[in-house]
Amino acid sequence: MSLPSAEKVKWKSSVGEPVITVDNLGIEFLTGRKRNLSMREIVFQRRTSHKKETFWALKNISFQVGRGEAVGLVGSNGGGKSTLLKMIAGTLLPDEGDVNVRDGVAPLIELTGGFIGELSARENIYLTGGLHGMSKDEIDERFDDIVDFAGPKVRSGLDLPYRHFSSGMQVRLGFAVITCLDEPIILVDEVLAVGDAAFRDKCYQRMEGLLEQGRTLFLVSHSEGDLLRFCTRGIYLKEGHMVADGSMEEIMQQYMEDLLGVPWIPPAERNAVDALYNRRDREAPGYKAD
Ligand SMILES: Nc1ncnc2c1ncn2[C@@H]1O[C@H](COP(=O)(O)OP(=O)(O)OP(=O)(O)O)[C@@H](O)[C@H]1O
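Computed from a predicted structure; not experimentally measured. (Residues numbered from 1 in each chain as written. Predicted model: local features only at pLDDT ≥ 70, side-chain atom pairs only at ≥ 80, totals over all residues. Heavy atoms only, no water.)

1. Looking at the overall build of the protein
Consideration 1: In terms of regular secondary structure, the protein is built from ten helices and nine strands.
Consideration 2: Across the 290 residues that make up the protein, the buried fraction comes to 42%.
Consideration 3: Sequence separation of 24 or more characterises 71% of the internal contacts of the protein that already satisfy a separation of 6 or more. (Helix = DSSP H or I, 4+ residues; strand = E, 2+ residues; numbered from the N terminus. Buried < 20%, exposed > 50% of the residue type's maximum accessible area, 1.4 Å probe, protein only. Contact = heavy atoms within 4.5 Å.)

Right under this line is the structure:
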């Protein structure tokens, strides 16, 4: 399947005024590493505990995102992608710098979508809708759409505690709820990989619909196909630093070459080369189809 190039995607809306401004952002975490004090440290240095060890999970991050942009965040594991999304969502606060978000945010950052494990799926739908400013009547109106999208397994488990849901069911419900909210900014962190192929297809269609409406998207993914399909702009984070900000194709090229150490060929070109080789094979003397 050939993927649309970033220039051809039909939902690429013109970029509006800045809705997310990240200015010199930094956050420091405890490493959580614990080691017993040595006898030497206790006796000679009279130490009773270690100095807390910390590291900057993000440092000196600055960028702006305009209304209607679809931004893909890339980087190796531990690079700071989820942390950045949590800071945009307001669930983590910076130790340095600022994050200014002008529109409402619908985050699907962890598999659980911020849902509460002890509450039923039904209660979580009403709670999340309410937290995002929807009235009970509005949620009633959308309830069936949400549950239909999530699928029959979720419907049959609506009154079970959410923590009893499989990770696939959790993602189905999380995605269905988050994308039914009216929030203009959507943050999606690596959740599309969890659902099965049929559900992923439904998610793709819904994401395209939301982008056509001019919503702003932040997508964290390790899937080259998903990033190129939805995002027109990319940001590359490496060990907490912003390495590059550019078109999704440029960023993918830089990231993949950095990661794999070989030149990266965009999927559309790869498909064209494959087609050429297939044709050459088919036309070769003595070619037999399988
Ligand atoms: N609450 C926390 N306390 C301490 N360290 C944390 C905390 N949350 C994240 N980290 C650390 O911060 C760094 C960045 O983590 P983050 O989850 O943002 O990376 P990521 O780029 O999303 O990685 P992945 O691709 O594996 O999901 C990692 O070293 C991680 O272990």
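2. A word on the side chain of Asp189
Consideration 1: Along the chain, Asp189 falls in strand β6 (residues 185–189).
Consideration 2: Buried and unpaired, Asp189 has Lys86 as its nearest opposite-charge partner, separated by 6.6 Å.
Consideration 3: Among the polar contacts made by the side chain of Asp189, one reaches the side chain of Ser82 at a distance of 2.7 Å.
Consideration 4: Filtering out sequence-adjacent residues up to four positions away, Asp189 remains in contact with Ser82, Leu85, Leu108, Ile109 and Val220. (Lys, Arg positive; Asp, Glu negative; His and termini not counted. Salt bridge = Lys/Arg side-chain N within 4 Å of Asp/Glu carboxyl O. Polar contact = N/O pair within 3.5 Å; in protein donor to acceptor, adjacent residues only side chain to side chain.)

3. Focus on the sheet that holds strand β1 (residues 18–30)
Consideration 1: Ordered by their spatial adjacency, three strands build an open sheet running β2-β1-β4, and the pairing between neighbours is antiparallel. Bordering the open sheet on either side are β2 (54–66) and β4 (96–101), each of which pairs with just one other strand. The mean angle between the axes of side-by-side strands here comes to 20°, regardless of whether they run parallel or antiparallel.
Consideration 2: The sheet contacts of helix α2 (residues 81–89) involve β1, β2 and β4, and relative to β1 the element is tilted by about 120°. (Pairing = 2+ DSSP bridges. Axes fitted to C-alpha atoms, helices over the stretch in contact; angles between N-to-C directions.)

4. A word on the site of the ligand
Consideration 1: As a structural note, the neighbourhood of the ligand is formed by 13 residues, with Gly78, Gly80, Lys81, Ser82 and Thr83 the closest of them.
Consideration 2: Note that an oxygen atom of the ligand is positioned 2.9 Å from one of the backbone N or O atoms of Gly80.
Consideration 3: Lys81 has a polar side-chain atom sitting 2.7 Å from an oxygen atom of the ligand.
Consideration 4: When isolated, the ligand has an accessible area of 640 Å², and the protein chains bury 60% of it.
Consideration 5: When contributions to the shell around the ligand are tallied by element, the ones reaching two or more residues are β1, β2 and α2.
Consideration 6: The element best represented in the shell around the ligand is α2, accounting for three residues.
Consideration 7: Residues of the shell around the ligand, tallied by class, amount to four nonpolar, eight polar and one charged. (Near = heavy atom within 4 Å. Areas by Shrake-Rupley, 256 points an atom, 1.4 Å probe, with all protein chains shown as cover. Nonpolar A, V, L, I, M, F, W, Y, C, P; charged D, E, K, R; others polar.)

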